[in-house]
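Reading the structure
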Amino acid sequence: MTAAGRASGAAGLGFVLLLVVANLVLTSAGLPLPTDTSTLPELGRAHADGVDALRLASALMPAAWLLATVFAAGLAVEAWHSPARRTWALVGLGGVLAQCATFAVAEAARLAVAAAALDGTGGEPGALAGLWGLHRAVFGFNQVFLATALLGFSLARPSPRAHAALGLTGAALLLASATAAPHGVGGAQPLALAGLAGWVLWLGWIAVAGVRLLRTGAHRAADRSAAGRV
């Protein structure tokens, strides 16, 4: 893996960058987190006031999901020569693809929240509550697919133990938070901090894996170039 490996590594780093930028846009606009327990009028006002920031952040997501898919495909190809590693790589690839699809639903639900909030008096309270509850539920359940991706790829790659431990720890935290997600609909999510910590570890794991893919691709390209000159 040379050019393809470098492309996959760059895609992983690009994915992390887009997620960080999107979240900075949302937080700077004062938009509530999915774990926010503000009242419906407060949630409605926040989404109505920050709709432009929400649209901008959401517009970054299609590119982010594409980059995540390219990154995951590169990791799967890297592990393909070993049957044992191939199985876990498929688990990781499935997790990335599932999280892209699931988070698209969560993002659509949040845009619907903003649309309801902009509808005259802020939309019907029941509709706003339902849409926000849908966003929170899908966002929470989405964490299981992040955990699946981390579990699969952490076991599939010949990574340093510290990197594998980072991924497995993040997977455990995300799975725990996803399990508690139903309790966060209509109330406070009891393991919100675990989910946040797992998400940070997920981004850190991808960044490290992306750098490793870039280096591996560069080293293999250099080796092939040297062999061609012999």
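Attention here is on the structure that accompanies the text. (Residues numbered from 1 in each chain as written. Predicted model: local features only at pLDDT ≥ 70, side-chain atom pairs only at ≥ 80, totals over all residues. Heavy atoms only, no water.)

Take the overall build of the protein chain next. For the protein chain, the helix and strand inventory stands at 7 helices and 0 strands. Walking the protein chain from its N terminus toward its C terminus, one meets helices and strands in the order α-α-α-α-α-α-α. Relative to its full complement of 230 residues, the protein chain shows a buried share of 45%. In the protein chain, the proportion of contacts linking residues at least 24 apart, taken out of those at least 6 apart, comes to 80%. About 10,700 Å² of surface is accessible on the protein chain, with carbon and sulfur atoms providing 70% of the total. (Helix = DSSP H or I, 4+ residues; strand = E, 2+ residues; numbered from the N terminus. Buried < 20%, exposed > 50% of the residue type's maximum accessible area, 1.4 Å probe, protein only. Contact = heavy atoms within 4.5 Å. Areas by Shrake-Rupley, 256 points an atom, 1.4 Å probe, with all protein chains shown as cover.)

Right, let's talk about the pattern of salt bridges for a bit. Scanning the model with the defined rule gives 1 salt bridge in all. Where Arg55 meets Asp52, a salt bridge forms, and the shortest distance between an N and an O atom there is 3.6 Å. Linking Arg55 with Asp52, this pair stays in helix α3 (residues 51-78), spanning 3 residues, or about one helical turn. By relative accessible area, which is 47% here, Arg55 ends up partly exposed. (Salt bridge = Lys/Arg side-chain N within 4 Å of Asp/Glu carboxyl O.)

This part takes up α3. In this model α3 runs 41 Å from its N-terminal to its C-terminal C-alpha over 28 residues, within 8% of the 40 Å that 1.5 Å per residue would give. The axis of α3 is deflected most strongly, by about 30 degrees, at Pro62. (Expected span 1.5 Å × (residues − 1). Bend = angle between axes of the 7 residues up to and from the residue.)

The next point concerns the nonpolar core. Within soluble globular proteins, side chains that are nonpolar tend to cluster in buried spots. Within the largest apolar cluster, 44 residues are counted, with the highest numbers of intra-cluster contacts made by Phe71, Val96, Phe153, Trp202 and Trp205. Of all elements in the fold, only α1 (3-28), α3, α4 (83-118), α5 (125-156), α6 (161-179) and α7 (192-229) reach the threshold of two or more residues within this core. A per-element tally of this core places α3 first, with 12 residues. Filtering out sequence-adjacent residues up to four positions away, Phe153 remains in contact with Ala72, Leu75, Ala76, Trp88, Ala89, Gly92, Leu93, Val96 and Trp205. One finds Leu43, Val113, Leu128 and Trp132 within the second-largest nonpolar core, a separate group that totals 5 residues. (Core = buried A, V, L, I, M, F, W, Y, C linked by side-chain atoms within 4.5 Å.)

Another point: a nonpolar patch on the surface. Taken together, the side chains of Trp88, Leu151, Leu155 and Leu168 make up a nonpolar region of the molecular surface, amounting to roughly 310 Å² of accessible area. One can find Leu168 in helix α6. The exposure class of Leu168 is partly exposed, given its relative accessible area of 34%. (Patch = residues over 30% accessible without salt bridge, like charges linked within 9 Å, V, L, I, M, F, W, Y side chains within 5 Å.)

Using a probe with the size of a water molecule, rolled over the atoms, empty space left in the structure can be pinpointed. Roughly 820 Å³ of internal volume is contained in the largest pocket. Taken together, 38 residues line the largest pocket, and the ones lying closest to its centre are Asn23, Pro34, Phe103, Phe139 and Trp199. Per element, the largest residue contribution to the lining of the largest pocket is 7 residues, and it comes from α5. Residues that form the lining of the largest pocket fall into these classes: 23 nonpolar, 12 polar and 3 charged. (1 Å grid on protein atoms, 1.4 Å probe; cavity = no way out; pocket = protein on both sides within 12 Å on 5 of 7 lines; lining within 4 Å. Points joined across faces, edges and corners; volume = space filled by probe spheres on them. Nonpolar A, V, L, I, M, F, W, Y, C, P; charged D, E, K, R; others polar.)

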